[in-house]
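Single-letter residue listing:
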Amino acid sequence: MIRMGILQVLKTQLLCHLIICYVFLVSGLIINLLQLCTLPLWPINKQLARKINCRLGYSISSQLVALLEWWSGTECTLYTAPESYKLYGKENAIVVLNHNFEIDFMTGWTFCERFGVLGSSKVLAKKELSFVPVIGWMWYFLEIVFCKRKWEEDRKTVVQSLRNLRDYPENFWFLLHCEGTRFTEKKHKISMEVAEKKGLPKLKYHLLPRTKGFCVTVQNLRGTATAVYDSTLNFRNNEMPTLLGVLNGKKYHADLYVRRIPLDTIPEDESECAAWLHKLYQEKDEFQEHYRQTGRFPGPITSPPHRPWALLNWLFWVCLLVYPLCMLLLQLLLSGSTFTVVCTSAFCLAVSVGIRWMIGQTEIDKSSNYGNKEMQMNNN
């Protein structure tokens with residue numbers, strides 16, 4: 001018990017956070033460089049280059065999964081039908097996620113990791129993220145679908161990017177936060193005003209979904225993806241988990257309800273597909289209401305086993321990068337230069353703040369400005 005208490009205190013220390021940020025940043029830049037080296041391979045063997053980039057991308061994103069699963073010890077309970085469970089990880093799918101929590105993108109990646117598709121998972125992200133080191137550059141080589149938030153300009157680019165995935169050599173999940181931004185009371189009020197103007201049923205726990213991106217995704221992945229995984233996330237005890245809480249080693253317990261819906265049952269017509277998505281979110285609202293009242297989602301429970309690869313990858317980079325860092329810091333301390341020590345400390349602190357910002361930028365809600373009502377009306 002004393003040992004566990006010491007370990008928990010250690011996890012809250014700034015020095016540990018700095019080491020985590022340092023390992024993530026430096027390993028990420030090394031991997032970005034390796035991804036750059038795969039460019040000459042693309043015209044020779046495109047599929048091999050894609051497979052290599054999946055493994056390299058996994059080496060970055062799995063560090064965040066290891067942070068959630070192994071550092072903070074967060075548990076994830078899955079509610080799903082046994083017949084659907086057998087297919088997870090064995091087919092291409094579109095995953096529709098609710099967007100209520102700061103770390104729900106990490107939970108989505110954990111879902112991908114448990115079924116072996118983390119390295120090949122895709123998202124819809126804003127174009128500016130492709131210029132962000134580590135995560136953004138990784139996504140560029142993983143053929144992530146980028147957009148500029150102007151649908152008239154984006155449609156052609158998004159369609160082409162989705163069609164490029166038709167011959168992808170790995171099973172992939174395309175993760176979508178159809179609400180476009182994370183749920184807040186202010187955004188919910190604006191969203192429900194739009195719902196009233198459009199004559200749409202109001203939602204209690206979600207924002208109105210943006211239908212255009214979903215419909216285009218379904219249209220262009222039809223025949224490539226075989227199902228939509230409707231995923232609804234909540235955390236026990238009404239907790240609102242944060243990235244800082246995860247860094248401090250705080251343990252959360254996520255409950256994820258997943259329904260597998262065959263893609264061929266979703267209407268092809270855009271207006272019918274949009275109506276289908278609105279109905280889906282009404283059902284998601286009912287699932288959240290059920291959870292609030294009973295503390296659980298409907299259906300059988302399972303806990304997908306932890307895979308060791310995320311932890312082993314993280315430990316590999318820690319062992320590789322921390323030793324030279326310690327030697328460098330030791331030399332700086334022995335140099336006796338106060339100026340050097342102060343500058344180094346300030347640099348480490350800046351890196352820590354920068355990495356936390358960068359990780360926050362991976363959230364899909366940053367891909368749109370929900371406060372712009374006109375933009376929302378156009379996207380719906």
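All values derive from a computational prediction rather than experimental measurement. (Residues numbered from 1 in each chain as written. Predicted model: local features only at pLDDT ≥ 70, side-chain atom pairs only at ≥ 80, totals over all residues. Heavy atoms only, no water.)

Draft legend 1. Local environment of a nonpolar patch on the surface. Taken together, the side chains of Y323, M327, L330 and L334 make up a nonpolar region of the molecular surface, amounting to roughly 450 Å² of accessible area. Position of L330 relative to the elements: it lies in helix α12 (residues 309–335). Judged by its relative accessible area of 43%, L330 is partly exposed. (Patch = residues over 30% accessible without salt bridge, like charges linked within 9 Å, V, L, I, M, F, W, Y side chains within 5 Å. Areas by Shrake-Rupley, 256 points an atom, 1.4 Å probe, with all protein chains shown as cover. Salt bridge = Lys/Arg side-chain N within 4 Å of Asp/Glu carboxyl O. Helix = DSSP H or I, 4+ residues; strand = E, 2+ residues; numbered from the N terminus. Buried < 20%, exposed > 50% of the residue type's maximum accessible area, 1.4 Å probe, protein only.)

Draft legend 2. Structural view of the pairing of strand β2 (residues 93–97). Counting buried positions over the 5 residues of β2 gives 5, a clear majority of the element. Because side chains alternate across β2, one face comprises the buried residues A93, V95 and L97, and the other comprises I94 and V96, equally buried. Two elements, β2 and strand β6 (residues 227–235), share 5 bridges in a ladder whose sense is parallel. For V96, the partnering residue across the bridge sits in β6 and is D230. (Pairing = 2+ DSSP bridges.)

Draft legend 3. Region of the structure containing the layout of surface pockets. Its volume calculated, the second largest pocket comes out at about 370 Å³. Residue lining of the second largest pocket: 16 residues in total, with K127, Y140, I144, F146 and S161 positioned closest to the centre. At the level of elements, α6 (135–141), β4 (145–147) and α7 (151–163) are the ones that each hand at least two residues to the lining of the second largest pocket. For the lining of the second largest pocket, the element with the highest residue contribution is α7, accounting for 5 residues. A per-class count over the lining of the second largest pocket returns 7 nonpolar, 4 polar and 5 charged. (1 Å grid on protein atoms, 1.4 Å probe; cavity = no way out; pocket = protein on both sides within 12 Å on 5 of 7 lines; lining within 4 Å. Points joined across faces, edges and corners; volume = space filled by probe spheres on them. Nonpolar A, V, L, I, M, F, W, Y, C, P; charged D, E, K, R; others polar.)

Draft legend 4. Spotlight on the packing of aromatic side chains. Enumeration over the complete set of coordinates arrives at 21 aromatic pairs. A centroid spacing of 6.0 Å and a plane angle of 40° characterise the contact between F115 and W173, whose relative ring orientation is tilted. Of this pair, F115 sits in the loop between α5 (104–114) and β3 (122–126) while W173 sits in strand β5 (residues 173–176), placing them 58 residues apart in sequence. Judged on exposure class, the residue F115 and its partner W173 are both buried. Between the aromatic rings of F214 and W276, the centroid separation amounts to 5.8 Å while the plane-to-plane angle is 5°, which identifies the pairing as stacked. Note that F214 is positioned in helix α9 (residues 211–221) and W276 in helix α11 (residues 270–294), a separation of 62 residues in sequence. (Phe/Tyr/Trp six-rings, centres within 6.5 Å; stacked < 30°, edge-to-face > 60°.)

The values reported here are purely geometric and, on their own, carry no functional implication.
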